Amino acid sequence: MVSLGASIGRSLRAGDVVVLTGELGAGKTTLIRGIVRGTGSPARVRSPSFIRMVEYEGPVRILHLDLYRVETADPEWASTLAESAGEDAIVLLEWGERIAEVLPAERWEIAIDFEGEGRRVSLSATAPALEARIGALGSALVAEQRLGGGSGT
Ligand SMILES: Nc1ncnc2c1ncn2[C@@H]1O[C@H](COP(=O)(O)OP(=O)(O)O)[C@@H](O)[C@H]1O
Ligand SMILES: [Mg+2]
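A few points on the structure. Here, residues in each chain are numbered from 1, in the same order as that chain's written sequence. Chain letters start at A and ligand numbers start at 1, both assigned in the order the entries are written. Under the rules for a predicted model, residues below a pLDDT of 70 receive no local features and side-chain atom pairs below 80 are neither given nor counted, while totals for whole chains, interfaces and linings still include all residues.

1. Thoughts on the nonpolar core
Part 1 of the reasoning: The nonpolar core criterion groups buried Ala, Val, Leu, Ile, Met, Phe, Trp, Tyr and Cys residues into a set whenever they are joined through C-beta atoms within 7 Å. Counting other C-beta atoms within 10 Å of a residue's own tells you its class, since 20 or more makes it buried, 12 or fewer makes it exposed, and anything in between is partly exposed; those C-beta atoms are placed from the backbone. Formed by 30 residues in total, the largest nonpolar core has its most connected members in Val18, Leu20, Leu31, Val91, Leu92 and Leu93.
Part 2 of the reasoning: Apart from the residues within four sequence positions on either side, Leu92 is in contact with Val18, Leu20, Ile32, Ile35, Ile62 and His64. Think of it this way: build a C-beta for each residue from its backbone, and any pair within 7 Å is a contact.

Following this line, the structure appears as C-alpha cells:
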C-alpha cells in the first residue's frame, strides 16, 4: 500500500486535489503515508482526525485533511478547502465525500475497498486532463510490477 502510494505521489504536483474514500481502516492514511514519501517529502504522516489538517514540508507542500468528524457541507470547511485548493500545495482529503458540494471540479479520486485479506484501490479523475495523467501512472505501475516492484496492496 505504501509503495503504491509512493508511485501515486511521484505523479502528483502542486495544485492537485486528491479525495480518498473508503471505510474506517480501509487504508486511506496508510496510502497517504506512501503518497507523501513519493513526493520526496521526509515528513512523518499523522492522522489528522482530531485536528482536521496537517501540513507536511518537502519539495512540494502537502495539506492532509481528514473530514471524518465534519458535518455535511459545514460552511467553515467549504472556505478552508477553497483556500487550501488555491494554494501551491498538494491537497489530500480523507472523507472528502462529506463535503461533495464544495469539492473542486478537477480532482483525483481514490477509492479503497476491502477485498478478502487485501484491498482494492481504484483511481479515477473528474477531468480529461487528469485522466491522461492517471493513464500514464497506470502504465508506470504495470511496468513496475513487471520489474517485480509490486503494487503493494
Ligand atoms: N492491505 C492493506 N492495506 C492497508 N492497510 C492495511 C492492509 N492490511 C491491513 N491494513 C491495516 O489497516 C489499517 C488501515 O488504517 P488507516 O490507513 O488508518 O485507514 P483509514 O485512514 O482508511 O481509516 C492499518 O492498521 C493497516 O496496518
Ligand atoms: Mg485515516
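2. Side note on the site of ligand 1
Part 1 of the reasoning: Here, nearness means that the C-beta atom of a residue, built from backbone geometry, sits within 6 Å of the molecule or strand in question. Near ligand 1, the surroundings consist of 14 residues, among which Met1, Gly27, Lys28, Thr29 and Thr30 are the closest.
Part 2 of the reasoning: Here the element with the most residues in the shell around ligand 1 is helix 2 (residues 28–38); it accounts for 3 residues.
Part 3 of the reasoning: In this classification, Asp, Glu, Lys and Arg are treated as charged, Ala, Val, Leu, Ile, Met, Phe, Trp, Tyr, Cys and Pro as nonpolar, and every other residue, Gly included, as polar. In the shell around ligand 1, the residues fall into 3 nonpolar, 8 polar and 3 charged. In DSSP terms, a helix is any run of H or I states spanning at least four residues, a strand is any run of E spanning at least two, and both are numbered starting from the N terminus.

3. Considering helix 1 (residues 2–10)
Part 1 of the reasoning: Among the residues of helix 1, those classed as buried are Leu4, Gly5, Ala6, Ile8 and Gly9.
Part 2 of the reasoning: Each element contacted by the buried residues of helix 1 is listed here: helix 2, strand 6 (118–125) and helix 4 (128–146).

4. Focus: the sheet that holds strand 1 (residues 17–21)
Backbone hydrogen bonds are what pair the strands of a sheet, in a parallel or an antiparallel way.
Part 1 of the reasoning: With mixed pairing, the 6 strands of this open sheet are ordered in space as 2-3-4-1-5-6. The two strands at the open ends of the sheet, each matched to only one other strand, are strand 2 (53–56) and strand 6. Each neighbouring strand pair of the sheet contributes to a mean axis angle of 20°, computed without reference to strand direction.
Part 2 of the reasoning: The sheet strands contacting helix 2 are strand 1, strand 2, strand 3 (61–66), strand 4 (89–94) and strand 5 (108–115), and the helix crosses strand 4 at an angle near 165°. What makes two strands pair is DSSP finding at least two bridges between them. Structural elements are reduced to axes, namely lines fitted to C-alpha atoms, with helices fitted over the stretch in contact, and the angle between N-to-C directions of any two is expressed from 0 to 180 degrees.

5. Topic: the pairing of strand 4
Part 1 of the reasoning: Counting buried positions along strand 4 yields 5 of 6 residues, so the element is predominantly enclosed.
Part 2 of the reasoning: With 6 bridges joining them, strand 3 and strand 4 adopt parallel strand pairing. Its bridge partner lying in strand 4, Asp66 is registered against Glu94.

6. Describing the packing of helix 1 against helix 2
Part 1 of the reasoning: Viewed as axis vectors pointing N to C, helix 1 and helix 2 meet at an angle of 45°, and their least axial separation amounts to 6 Å. It follows that helix 1 is oblique to helix 2 by the angle criterion. Classified by chirality, the crossing of helix 2 by helix 1 is right-handed. Only Thr30, Leu31, Ile32, Arg33, Gly34, Ile35, Val36, Arg37 and Gly38 of helix 2 make contact with helix 1, whose side of the interface consists of Val2, Ser3, Leu4, Gly5, Ala6, Ser7, Ile8, Gly9 and Arg10.
Part 2 of the reasoning: Looking at side-chain class alone, the contact of helix 1 with helix 2 contains 8 nonpolar, 7 polar and 3 charged residues. Just so you know how the angles are binned, under 35 degrees is roughly parallel, over 145 roughly antiparallel, 65 to 115 roughly perpendicular, and the rest oblique. Crossing handedness: left-handed means the near helix sits turned counterclockwise from the far one by under a right angle, and right-handed means the same turn made clockwise.

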